Structure formats: structure tokens, C-alpha cells
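Observations on the model geometry
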Amino acid sequence: MDPLKNPFAPGAGSQPPELAGRDDILEQADIALQRILLGRQDRSRMLLGLRGVGKTVLLNQIERTAELRGHLTSFLEAPEDDSLARTLYPQMAGVLRRLSAIESAKARVLAAMRALRGFSIAFQAGSLEIALPADPEPGVADSGMLESDLADLFIRIGEAAQSAGKAWTLLIDEIQYLRNEELAAVIVALHRASQRGLPILFFGAGLPQVAKLSGEAKSYAERLFSFISVGALGRDPASRAIVEPICAEGERITGAAVDRIIQETRGYPYFLQEWGFQTWKLAEASPIPETVVTAATKASLAHLDGGFFRVRYESLTPGEREYVKAMAQFGPGPCKTAAVAEAMGEKITALAPRRAGVVKKGIVYSPSHGEIDFTVPLFNEFIRRTAS
């Protein structure tokens, strides 16, 4: 098969050739985007799921839809080693620059810029270079308390967008990396903007624990957000994700080969792309038979073991690796923290720092009290396959 025509795109956040099984999520997001422009409120959304299920792909698609609908958009990844204030600052400045070109919004934009100038000084977030004067407005967004200052800013930006007949959509990926006070500040700012009927919509994406973290940060988060579970694809959408890109290139694949790919990947979108890529690469003729998938499975696992899985495993300390090795013994799905401790011959309390370290690195999470699970699909198999 011609390698130049390989339709599959394995990669972090790469747009797949066929975005199967996510129509409802995208349709509901589009409705929310349109409602906000009409002056009607709608819930912001959090896309939650394991790694490799396509959350970033969905955020990218929602951003494109928002721009087509006339929204001003800001997309960022939650910083692991920097503050939210410094990361979000240039995004907010960019929104105001764009709004400043609209005559009806100029007065509100100036007010927002003055607030942003004070915010930049309070949080040492940088300077705003723009033609309009923007001296700080004392007492607005300059207290150094992120929760109140970010709310002030969101209100000012929302008022500027409203006066321009526009809306602002903020998208943040990897939400779980926000510090508790940062997540709380975002929630409060969105809540204040919603209470005032301002045209601001938020879409976040993160690991499953984000719902719990949001509730812990602010109790009303469950009423502010729609928490949307993004999981593995069912058989029909998984099949479409493989078959339709191949057919679009004028080639075919047997039903047995498709079934084998779905079996090996468990329907996870990232793995479907990897297996599809390797299957196309190794196929010599159409229709592609199941025997090619057998070879593609070896190639896919070797590639994942050397990259997708290995990078995460190498980030762990020796003690943390022992912890995930113990977890892997229990197979797929959540396991009891008490059972892991027993398998390691340790007390649960003694293992708490290791467990916390692996959670902080985004490799495991707690689906419920007393349970632990991997955030990376098939990670337990990788450990049993490669870890000595």
C-alpha cells in the first residue's frame, strides 16, 4: 500500500480521518455555542476520560466550531510548571486586542484592559502592549487573590464581548494539572459571568478525577458544568474509524481484520489510529486480511512500548514503579489500595506518598474511595510485558 496515502494519524491530539462516535458531544457543544450568541445561557462542559480517548481532539474540534460561529476563542493547556495567571494572561490580552477593533466595544474593552493591566502587575504576568491607553484601575483585579481578581477580569471581558455582539470561548486541556486554588478561581469566575448573563463559555478536558476535584474546589461546580464521560468507542463507531478512511483511499479491509483491530485496541481511539497506521503500512494488497493485523499488532505494541507507555513509566521514581507493578498484577480495571499494599507487604499509610506521586504525574487516579486505577488504557499489560 502506498505509504504516502496512509490515512491514519496516531499522535497526541492529532485529528483522525474519521471522528467516529462523538457526534452527540459535538452537536451539544455547537448548540451551547449558538445559544450563548443569542443571549441564552448554557452550561460549560468538562470532557473527562482516560488518556487516548480523544479529549484533545474534541476540544480542537469544538474550538473550530466556535470560531465558525463567530466566537473569540482561547485554547491553552493547564501548566504543570507555571501559574495559571501567567499562562492565561496572553490569551485574555489577545481577546481584548481583537475586540478593540469593534467600535461598539471600545469603552468596555478599555475598562477590561485597565483591569488586565492591574492583574498583570499583581501576578507579574507580563505587560500589555496595545494602542489604547490602559493604565491600571485601582481596586479592580489587582488584589493578588486569584479567585476574586479572575472573576473581575471575566466580567470585564464578558461585558466587552457582549457590547461587541460576540462571545468568548475558553478551552483548557489537562485540567487536572491546575492547582486547587486555580481550579476554584476558574469556577468562581465562570459562575460570576454566568450570573450576569455574559457571553462566556468554557470547555475543559481532563482525567476522570477532575469531576471530584471540581466538587472539592467549589460545591456548586456540579450545577455549573456538564461533566461528559469520553470513553472507548463501541463496535460500530470503532469499525467506522478503521473502515471509512481505508475506503476513502479506494482500498478495502476484511471484516475479520477489522474485528481483530477492535479486539486488540479495546476500541480506544488513539490505539485504533496506531493499529490502523501499522496495518496500512504492512499491507501489500487490498482487501487487507487479518494476517496483516497480526503483524501490525507486534509493530504497534513495539511502538507504544518505546514511546506512549515508556515515557510515562520512565517518569516514575523506583518506589513509584514498584507501586504500579503491584497494581498491574490485578489486571484491567480498578483495584483496592488495600490489596496493593498487601501485595507489597506494606501498610496503606506507608504507601500514601508513593500513591500520591503517581497520581500527581497523571498515571493513576482514584475512581472511588479505596480504589486506584491506571489513567492509561492497557498500561497494566505494558508493565507485565516489559517491566522486570
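Above: the structure in question.
In this report, we go over the structure that sits alongside the text. No experiment lies behind these values; they were computed from the predicted model shown.

Considerations on the environment of Val 293
Residue placement: Val 293 occurs in helix α12 (residues 290-306). Residue class for Val 293 comes out buried when judged on its relative accessible area of 0%. Expressed as a C-alpha distance, the spacing of Val 293 and Pro 136, which sit 157 residues apart in the sequence, is 62 Å. Excluding anything up to four places from it in sequence, Val 293 contacts Ala 257, Arg 260, Ile 261, Trp 275 and Thr 279.

Considerations on the environment of Glu 80
By the secondary structure assignment, Glu 80 is in the loop between β2 (72-77) and α3 (84-99). Between the C-alpha atom of Glu 80 and that of Leu 178, which follows or precedes it by 98 residues, the distance is 7.4 Å.

Observations concerning the sheet that holds strand β3 (residues 168-173)
Pairing between sheet strands relies on hydrogen bonds along the backbone, with the strands arranged either parallel or antiparallel. The five strands lie next to each other as β2-β3-β4-β1-β5, forming an open sheet whose pairing is parallel. Single-partner strands in this sheet number two, and they are β2 and β5 (225-229). Within this sheet the neighbouring strands show an average axis-to-axis angle of 15°, counted without direction. Pairing of strand β1 (residues 44-48) with β5 involves five bridges; the strand directions are parallel. The residue bridging Ser 44 from the neighbouring strand is Phe 225, located in β5. Set on the sheet, helix α6 (residues 180-195) makes contact with β1, β4 (200-206) and β5; between it and β4 the angle comes to about 150°.

With respect to the packing of helix α4 (residues 106-122) against helix α5 (residues 146-163)
Contact pair α4 / α5: the axes reach a minimum separation of 8 Å and the direction vectors enclose 160°. One way to sum up the angle between α4 and α5 is to call them roughly antiparallel. Note that α4 runs across α5; the crossing there is left-handed. Together, Arg 108, Val 109, Ala 111, Ala 112, Ala 115, Leu 116 and Phe 119 of α4 and Leu 146, Asp 149, Leu 150, Leu 153, Arg 156, Ile 157, Glu 159, Ala 160 and Ser 163 of α5 make up the contact between the two elements. Here the residues of the contact of α4 with α5 sort into eleven nonpolar, one polar and four charged.

Comments concerning the nonpolar core
If you look at the biggest cluster of nonpolar residues, it comprises 67 residues, and the most contacted ones within it are Leu 47, Phe 271, Phe 309 and Phe 379. It is helix α1 (residues 23-37) that provides the largest number of residues to this core, a total of six residues. Non-local contacts of Leu 47, meaning those with residues more than four positions away in its chain, are made with Ile 25, Lys 55, Leu 58, Leu 59, Ile 62, Gly 204, Ala 205, Gly 206, Ile 228 and Val 230.

Re the pairing of β3
Burial analysis of β3 places six of its six residues in the buried class, the great majority of the element. Bridge count between β2 and β3: six bridges; the pairing is parallel. Pairing of Ser 74 across the sheet is with Leu 170, part of β3. This β-α-β element, β3 to α6 to β4, shows right-handed connectivity.

Here's the deal with unusual backbone geometry
Where the residue is not glycine, phi is negative for most of them; where a peptide bond is considered, it is trans in most cases. Backbone torsion omega between Ser 286 and Pro 287 reads 5°, so that peptide bond is classified as cis. As for its placement among the helices and strands, Pro 287 is situated in the loop between α11 (269-282) and α12. Look at Glu 174: it is not a glycine, yet its phi comes out positive at around 55°. As for its placement among the helices and strands, Glu 174 is situated in the loop between β3 and α6. The exposure class assigned to Glu 174 is buried, which follows from its relative accessible area of 16%.

So, the pattern of salt bridges
What the rule picks out here adds up to 21 salt bridges. One salt bridge in this structure joins Arg 69 and Asp 30, with 2.8 Å as the shortest N-O distance. With a gap of 39 residues between them, Arg 69 in the loop between α2 (55-68) and β2 and Asp 30 in helix α1 connect regions that are remote in the sequence. Across the pair Arg 196 and Glu 159 runs a salt bridge, and its minimum N-O distance is 3.9 Å. Taken as a pair, Arg 196 in the loop between α6 and β4 and Glu 159 in helix α5 lie far apart in primary sequence, 37 residues in all. Accessibility expressed as a relative area gives 47% for Arg 196, which makes it partly exposed. Glu 159 sits in the buried class, given a relative accessible area of 17%. Connected through salt bridges with shared partners, the residues Arg 35, Asp 42 and Arg 45 form a single ionic network.

Observations concerning the sheet that holds strand β8 (residues 371-374)
Across the sheet, three strands lie side by side as β6-β8-β7; this open sheet has antiparallel pairing. At either end of the open sheet lies a strand with only one pairing partner, and these are β6 (335-336) and β7 (364-365). As judged from the two bridges shared by β7 and β8, these two strands associate in the antiparallel manner. Of the residues in β8, the one forming a bridge with Val 364 is Phe 374.

A closer look at α3
Helix length check: α3 (16 residues) gives 22 Å between terminal C-alpha atoms against 22 Å at 1.5 Å per residue, within 8%. All of the buried residues along α3 are Leu 84, Ala 85, Thr 87, Leu 88, Tyr 89, Met 92, Ala 93, Gly 94, Val 95, Leu 96 and Leu 99.

Basis of the calculations
- Residues numbered from 1 in each chain as written.
- Predicted model: local features only at pLDDT ≥ 70, side-chain atom pairs only at ≥ 80, totals over all residues.
- Heavy atoms only, no water.
- Helix = DSSP H or I, 4+ residues; strand = E, 2+ residues; numbered from the N terminus.
- Buried < 20%, exposed > 50% of the residue type's maximum accessible area, 1.4 Å probe, protein only.
- Contact = heavy atoms within 4.5 Å.
- Pairing = 2+ DSSP bridges.
- Axes fitted to C-alpha atoms, helices over the stretch in contact; angles between N-to-C directions.
- Parallel < 35°, antiparallel > 145°, perpendicular 65-115°, else oblique.
- Left-handed = near helix turned anticlockwise from the far one by under 90°.
- Nonpolar A, V, L, I, M, F, W, Y, C, P; charged D, E, K, R; others polar.
- Core = buried A, V, L, I, M, F, W, Y, C linked by side-chain atoms within 4.5 Å.
- Right-handed = clockwise from strand over helix to strand, strands pointing away.
- Salt bridge = Lys/Arg side-chain N within 4 Å of Asp/Glu carboxyl O.
- Expected span 1.5 Å × (residues − 1).

That's the geometry; what it means functionally is another story.
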